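The primary structure of each chain is shown beneath.
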Amino acid sequence: MRYIYTLAILFLFNTTFAQFQENILKDSMVNFIGEIELVDLDLDGEKDIVYSYFRDIYYLKNSNGSFQDIHVLNRAGNSIDNFEVYDDDNDGDLDFFMVRYLQNKVEVLRNAGALSFSYAASINATNWYEIDQVIMNDINKDGTVEAIISSTYDNKTAIYTRNANGTYSAPVNSYQSGTTEWEVCNLDMDTFPDFRSTNRWLESNIVGGYTFDWDPLYIDHVGLGDVDGDGDDDLIGLDSDNRLLYFQNDYPNSSSFLSSVMIDSLTATELAVSDISGDGLADIVLLSFSESKILWLQNLGSGQFSAP
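The rules we used
Residues numbered from 1 in each chain as written. Predicted model: local features only at pLDDT ≥ 70, side-chain atom pairs only at ≥ 80, totals over all residues. Heavy atoms only, no water. Helix = DSSP H or I, 4+ residues; strand = E, 2+ residues; numbered from the N terminus. Buried < 20%, exposed > 50% of the residue type's maximum accessible area, 1.4 Å probe, protein only. Contact = heavy atoms within 4.5 Å. Areas by Shrake-Rupley, 256 points an atom, 1.4 Å probe, with all protein chains shown as cover. pLDDT = per-residue confidence, 0-100. Salt bridge = Lys/Arg side-chain N within 4 Å of Asp/Glu carboxyl O. Polar contact = N/O pair within 3.5 Å; in protein donor to acceptor, adjacent residues only side chain to side chain. Patch = residues over 30% accessible without salt bridge, like charges linked within 9 Å, V, L, I, M, F, W, Y side chains within 5 Å. Pairing = 2+ DSSP bridges.

Asks: Report on the overall build of the chain, specifying residues and quantitative values.
Replies: A tally of regular secondary structure across the chain gives 0 helices and 26 strands. Per-residue burial over the chain gives 55% buried out of 308 residues. Restricting to contacts in the chain with at least 6 residues of sequence separation, those with at least 24 account for 41%. In the form shown here, the chain has an accessible surface area of approximately 13000 Å², with 47% of it arising from carbon and sulfur atoms.

Asks: So what about the confidence of the model for the chain? Which residues, and what values?
Replies: Mean pLDDT for the chain: 78, with 71% of residues reaching 70 or above. Confidence drops under pLDDT 50 across residues 1–12; counting only partners more than four residues distant or on other chains, this segment forms 39 contacts. Between residues 303–308, whose pLDDT stays under 50, and residues either more than four places distant or in other chains, the model counts 20 contacts.

Asks: Quick one: what's the story with the pattern of salt bridges, residue by residue and with numbers?
Replies: Pairing of side chains with opposite charge becomes possible as their charged atoms draw close. According to the stated counting rule, one finds 7 salt bridges in the structure shown. Between K61 and D42 there is a salt bridge; the shortest N-O distance is 2.8 Å. Of this pair, K61 sits in strand β6 (residues 56–63) while D42 sits in the loop between β4 (36–39) and β5 (48–53), and the two are 19 residues apart along the sequence. The partner of E107 in a salt bridge is R100, with the nearest N and O atoms 3.7 Å apart. Residue E107 is classed as buried on the basis of its relative accessible area of 6%. We classify R100 as buried; its relative accessible area is 2%. Each member of the salt-bridge network shares a partner with another, and the members are D42, D44 and K61.

Asks: Residue-level account of the side chain of D138, with values.
Replies: Its place among the elements puts D138 in the loop between β12 (133–137) and β13 (146–151). Taking relative accessible area as the criterion, D138 reaches 12% and is therefore assigned buried. A polar side-chain atom of D138 sits 2.9 Å from the main-chain amide nitrogen of G143.

Asks: Give a detailed account of a nonpolar patch on the surface, specifying residues and quantitative values.
Replies: Taken together, the side chains of Y101, L102, Y129 and Y153 make up a nonpolar region of the molecular surface, amounting to roughly 450 Å² of accessible area. Relative to the elements of secondary structure, Y129 occurs in the loop between β11 (117–124) and β12. Since its relative accessible area comes to 46%, Y129 is described here as partly exposed.

Asks: Break down the pairing of strand β26 (residues 293–301) for me, with residues and values.
Replies: Of all the 9 residues making up β26, 8 are buried; the element is thus mostly covered by neighbouring parts of the structure. In terms of strand pairing, strand β25 (residues 283–288) meets β26 through 5 bridges, oriented antiparallel. Following the sheet pairing, I284 is matched in β26 by L297.

Right, here's the structure in full:
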């Protein structure tokens, strides 16, 4: 096994409400890095960095800010385009929901304990060409998880409900979404989780219904977390001009986001936002395809915005 320790780069950069330090967690990876999630995979109380690499899943095990690179699983067949980590069967450990390249189903791999995963079920998007993304959440808080899957090619987002036998039913709702990249959030600070994409907001309300709102941000990738520590979710985005953007959520004072540029030139392809340092501040993890790196932008607290 390889041990990868945080290497601090010699600059800090700031937003209006948060100061960040850049750390290289993994360097000189060959070619393809697919997806990234920030979860406590091994249930030790610290957020780990889980990533896909061709047909494999790895995780950077977090031990008080030092990271150990560990192989989790391999799946024969097409490469892994997207995955979600969620406790599917309510047994206390985390399972994988996996999307493969050019496939119209989601594979469910359940955790038997000690990070031992095996195929258990599929969520089938009948008559779709392919699926780009899956996210899992109990949207209406009824104790049953929903799967939200989406496809750019098919221009659809659909919501599937888990059955008692572990299978997933036909879609509860299907939308012409025009987007694929969703993240779980609670932008309006109500009881139920919402879902935010690069150009839409899927709001779940108190009766379990769903409302789509158009709200384009003109970004290619989105991550959500309480960056400024004010109790509501802010947005971090990557745009086509290679910029890392910060959208401050000013709720309830405003229904819009206040934007600023965090980094003006960045070759990142994916991002995730969560507190991986355990200090209560949302950090940012980036995948850089062209530079073959995984970067951790640690949130150090209040400061003024400046170029790196």
